[in-house]
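Analysis of the macromolecular model
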Amino acid sequence: MPVDRLQPLLEQQLQSLSADQRRKGFEHVVTGRIAADGGRGPRYQLAGLPQPFLRMNSNSYLGLATHPRLVAAAEAAVARFGVGPGAVRFISGTLEPHVRLEARLGAFHGREAAMLFSSAYATVLSVIASLVTPETAVVSDELNHNCIINAIRLVRPKAKVVYRHLDLAGLDDALRQAAAADCRRALVVTDGVFSMRGAIAPLDAIREVVLRHDAAFAENVVLLVDDSHGVGALGATGRGSEEQTGAQADLLIGTLGKAFGANGGYVVGPQVLIDSLRETSPMYIYSNPITPGEASAARAAVEIVDSAEGQALLGHLRDLTGRFRDGLRRQGRETLAGAHPVVPLFVRDAARTAAIVRGLFEQGILATAILYPVVPRGDESIRFQVSAEHTAGDIDEVLAALARLA
Ligand SMILES: Cc1ncc(COP(=O)(O)O)c(C=O)c1O
């Protein structure tokens, strides 16, 4: 067998992940959705299990994934254009839904231009690959998402400095080091919302540090923000961490697959930067765009977020998030203050975290254990994600289930 020497190594790797309780292992298969009913939000059916589940671990923060307007938009686009793009954008894969969505996203974020990718992960990889030259320094928050970490590994910057999580003095220092290394360009990259704990990057303060150092670089300090968890979930009108902090990135990356309920990724920014990215971004040039159905559904989602209905959904999401955080505090549980619907419950022990998640599961509630190496040992927590599809009764049900596990 050609893999006979590789196979035992891989088996050993899997066993050691299991022994460390780090193996993702078995994936539950969602087989159905029971619609919201009165005081209960929707419930989800899992293969082989009789009881329905309340999903506290979905990124569909506004509950738009099953919204009738998105479903109808996707169906209409499929009927018109088929299910796939059939080619990459510059060959013959640019369809009307792509162009209309890009225009809508640019306007939504108050930017000159927008550009779609197959996912936010691909957007980050591709934008960083395009922007980083051999004369560039990349400066990155230590808790940035895996896509940023991998993007930086793929490119070969002249300098790479990772600063401590949200540490502005560290960022300041990192830019000083980059200037001293004679880099012509610097790229500061941060998550807008850090997905494990819902922490929000202080973009206003980060922007100030960036401006302070800009003159030291011949080709500027570019601020790149990945706000995949912020857009649609945060800010008075759902514009994410930019709206929450009152500052703008030079390039903002978002996903269509979380609050917008569809699938895909995008970047918005000045026209010349987007034009340049279209010429140089590998995941744009050599990889299919999202499907016409996804693009049309996503445009419907942006329109909903930008309407009175979106305002109502955001208000409901904020109320439920507040209710959940208050409930955790009343139980004496450790959480973080904040406005984002990612609500962490710190357990600070891997085995106890897994036991609570199991206990919730047995009571029909899906939540996610966040364990090492995603977070440092001692920071083990449970991530709850509140959604506008939940009801106050759902939130109380989760709190009651937790109380039973105290
Ligand atoms: C900060 C951040 N960026 C990117 C992604 C990936 O998004 P997508 O599924 O659109 O690739 C995620 C998803 O978890 C994320 O949290």
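Rules used in this analysis
- Chains are numbered independently. Their residues run from 1 in the order of the written sequence.
- With pLDDT at 70 or above as the cut-off, local features in this predicted model cover only qualifying residues; side-chain atom pairs require 80 or more to be listed or tallied, and sums for whole chains, interfaces and linings still use all residues.
- Note that the side-chain values use all heavy atoms of the structure and ignore hydrogens as well as water.
- Per the convention used, a helix needs a DSSP run of H or I reaching at least four residues, while a strand needs a run of E reaching at least two, with both numbered from the N terminus.
- In this description the radius of gyration comes from C-alpha coordinates, and the expected globular size is given by 2.2 Å times residues to the power 0.38.
- Each residue's exposure class comes from its accessible area (1.4 Å probe, protein chains only) as a fraction of the maximum for that residue type: buried when under 20%, exposed when over 50%, partly exposed otherwise.
- Note on contacts: a residue pair qualifies if any of its non-hydrogen atoms lie within 4.5 Å across the two residues.
- Note on areas: Shrake-Rupley with a 1.4 Å probe; residue coverage comes only from the protein chains shown.
- A positive count includes Lys and Arg, and a negative count includes Asp and Glu. His and the chain ends are not counted in either.
- Where a charge lies is defined by one atom per residue type, namely NZ (Lys), CZ (Arg), CG (Asp) and CD (Glu).
- When two rings of Phe, Tyr or Trp (its six-membered ring) have centres within 6.5 Å they constitute a pair, described as stacked for plane angles under 30 degrees, edge-to-face for angles over 60, and tilted for the intermediate range.
- Either the NZ atom of lysine or the CZ atom of arginine qualifies as a charge over a ring when it sits within 6 Å of the ring centre and within 35 degrees of the ring normal.
- Neighbouring residues are identified by heavy atoms, a residue being near a molecule or strand if any of them is within 4 Å of it.
- Any N or O atom pair separated by 3.5 Å or less is treated as a polar contact, with the protein-specific requirement of one donor-capable and one acceptor-capable atom, and with residues adjacent in sequence counted only for side-chain atom pairs.
- All residues other than Ala, Val, Leu, Ile, Met, Phe, Trp, Tyr, Cys, Pro, Asp, Glu, Lys and Arg, Gly among them, are scored as polar; the first ten of these are nonpolar and the last four charged.
- Each reported salt bridge corresponds to a side-chain nitrogen of Lys or Arg within 4 Å of a carboxyl oxygen of Asp or Glu.
- What a helix is expected to span follows from its residue count: subtract one and scale by 1.5 Å.
- Within this analysis, the arc is defined by the directions that extend from the helix axis to the C-beta atoms.

Focus on the overall build of the protein
For the protein, the helix and strand inventory stands at 15 helices and 16 strands. Taken over the C-alpha trace, the protein has a radius of gyration of 22 Å; the compact-globule value for 406 residues is 22 Å, and the two agree within 12%. The dimensions of the protein, computed from C-alpha atoms along their principal axes, are 60 × 60 × 50 Å. Across the 406 residues in the protein, those meeting the buried criterion constitute 51%. Once local pairs closer than 6 in sequence are excluded, the contacts in the protein between residues at least 24 apart make up 71%. For the protein, the exposed surface amounts to about 17,900 Å²; the carbon and sulfur share of it is 53%. With 41 positive and 43 negative side-chain charges, the protein shows a spacing of 3 Å between the two charge centroids.

A few points about the packing of aromatic side chains
Taken as a whole, this structure holds four aromatic pairs when the rule is applied. Residue placement shows Arg239 over the ring face of Phe108; its charged tip is 3.9 Å from the ring centre. The side chain of Arg377 reaches across the aromatic face of Tyr372, ending 3.9 Å from its centre.

Overview of the site of the ligand
Of all residues adjacent to the ligand, which total 13 residues, the nearest are Ala120, Asp226, His229, Thr255 and Lys258. Within the side chain of His145, one N or O atom sits 3.5 Å away from an oxygen atom of the ligand. In this structure, a nitrogen atom belonging to the ligand sits 2.5 Å away from a side-chain N or O atom of Asp226. Protein contacts shield 82% of the accessible area of the ligand, which totals 400 Å² for the unbound molecule. Its residues placed into classes, the shell around the ligand shows three nonpolar, seven polar and three charged.

What to know about the pattern of salt bridges
Applying the stated rule across the entire model yields 25 salt bridges. In this structure, Glu242 and Arg111 form a salt bridge, with 2.7 Å as the shortest nitrogen-oxygen distance. Linking Glu242 in helix 9 (residues 241-245) with Arg111 in the loop between helix 4 (96-108) and strand 4 (113-117), this pair joins segments that are 131 residues apart in sequence. The two residues Glu242 and Arg111 agree in class, both being buried. The shortest N-O distance in the salt bridge between Glu303 and Arg299 comes to 3.5 Å. Here Arg299 and Glu303 lie together in helix 12 (residues 292-305), a separation of four residues that amounts to about one turn. A residue is classified by how much of its surface remains accessible, and Arg299, at 18% relative accessible area, is buried.

Concerning helix 8 (residues 203-214)
For helix 8, with twelve residues, the first-to-last C-alpha span of 16 Å sits near the 16 Å given by 1.5 Å per residue. Within the span of helix 8, buried status applies to Leu203, Ile206, Arg207, Val209, Val210 and His213. With its buried residues spanning 160° around the axis, helix 8 presents them on a single face. Among the exposed residues of helix 8, those pointing more than 90 degrees away from its buried face are Glu208, Leu211 and Arg212. Looking at the packing, one finds that the buried side of helix 8 touches helix 7 (168-180), strand 7 (185-191), strand 10 (221-226) and helix 9.

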